[in-house]
Amino acid sequence: MKAVYAGSFDPITLGHVSVIERAFHLFNEVHIIVANNRSKKHHFTIEQRTELVSLSIQQDEKIKIIPYGGIVADYINEHDINVVIRGIRNATDLEYELQLEQYIRNTTMADTIYLSPYTHYMQTSSSLVRMFLMSDKTELAATYMVPKAYMKMLEYEE
């Protein structure tokens, strides 16, 4: 069974990584879509975000990392994806994700499943990491990212 986990990953955090690790054990193939969300102004380029994802997860033939500028529903349909994985940390996430699930249900044949990050990453977010970067508290961002990705992210910030 094939699954997709899409996000902007701007940047990828340990919370994202924990969801990917859980998905890795559940599915035969996991497509990680590094999306360009047209409604967001991204801090990092899609190429940078894709590299940070690659540095953050184990490399395996079951995992495909794809930078994608199109509509994720189109990708799902074009690649016969069975399941859409969405990460949930709290009630606010759930409300948004339920709206997104309706869109996925109306445009694809895929089912949506929700995975939460491991408990100690429940408060981790890309927004928090970006806030640390913008306030020159980069050392705090390190606690929310895989070390190799964190070091590469610092290079991007120079």
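Treat the numbers as computed from the prediction; the structure is a model and nothing was measured. (Residues numbered from 1 in each chain as written. Predicted model: local features only at pLDDT ≥ 70, side-chain atom pairs only at ≥ 80, totals over all residues. Heavy atoms only, no water.)

### Observations concerning unusual backbone geometry
With an omega dihedral of 0 degrees, the bond running from D10 to P11 counts as a cis peptide bond. Inspection of the secondary structure puts P11 in the loop between β1 (2-7) and α1 (14-26). Although it is not a glycine, F9 adopts a positive phi angle of roughly 50 degrees. Mapped onto the secondary structure, F9 falls in the loop between β1 and α1. (Helix = DSSP H or I, 4+ residues; strand = E, 2+ residues; numbered from the N terminus.)

### Observations concerning the packing of helix α2 (residues 46-56) against helix α7 (residues 147-157)
With their axes 8 Å apart at the nearest point, α2 and α7 run at an angle of 155 degrees to one another. Between α2 and α7, the angle falls in the class roughly antiparallel. Crossing of α2 against α7: the hand is right-handed. Contacts between α2 and α7 involve Q48, E51, L52, L55 and S56 from the first element and K148, A149, K152, M153 and Y156 from the second. Tallied by class, the residues present in the contact of α2 with α7 amount to 5 nonpolar, 2 polar and 3 charged. (Axes fitted to C-alpha atoms, helices over the stretch in contact; angles between N-to-C directions. Parallel < 35°, antiparallel > 145°, perpendicular 65-115°, else oblique. Left-handed = near helix turned anticlockwise from the far one by under 90°. Contact = heavy atoms within 4.5 Å. Nonpolar A, V, L, I, M, F, W, Y, C, P; charged D, E, K, R; others polar.)

### Re the layout of surface pockets
Estimated volume of the largest pocket: approximately 1100 Å³. Lining of the largest pocket is provided by 40 residues; of these, A6, G7, S8, K40 and R86 occupy positions nearest its centre. Counting residues per element, the lining of the largest pocket draws most heavily on helix α4 (residues 91-107), which supplies 7 residues. Taken together, the residues that form the lining of the largest pocket break down as 16 nonpolar, 15 polar and 9 charged. (1 Å grid on protein atoms, 1.4 Å probe; cavity = no way out; pocket = protein on both sides within 12 Å on 5 of 7 lines; lining within 4 Å. Points joined across faces, edges and corners; volume = space filled by probe spheres on them.)

### Let's talk about the environment of N106
For N106, the location among the structural elements is in helix α4. Each C-alpha atom, one on N106 and one on M1, is 20 Å from the other, the two residues being 105 residues apart in sequence.

### So, the sheet that holds strand β5 (residues 111-115)
Judged by pairing direction, the sheet is parallel, and its 5 strands sit side by side in the order β3-β2-β1-β4-β5 without closing on themselves. The sheet is open, and its two borders are formed by β3 (63-68) and β5, each paired with just one other strand. The sheet shows a mean angle of 25 degrees between the axes of neighbouring strands, taken without regard to direction. Where β1 and strand β2 (residues 29-35) come together, 6 bridges link them in parallel fashion. Its bridge partner lying in β2, K2 is registered against E29. On the sheet, α4 packs against β4 (83-87) and β5 and is oriented at approximately 165 degrees with respect to β4. (Pairing = 2+ DSSP bridges.)

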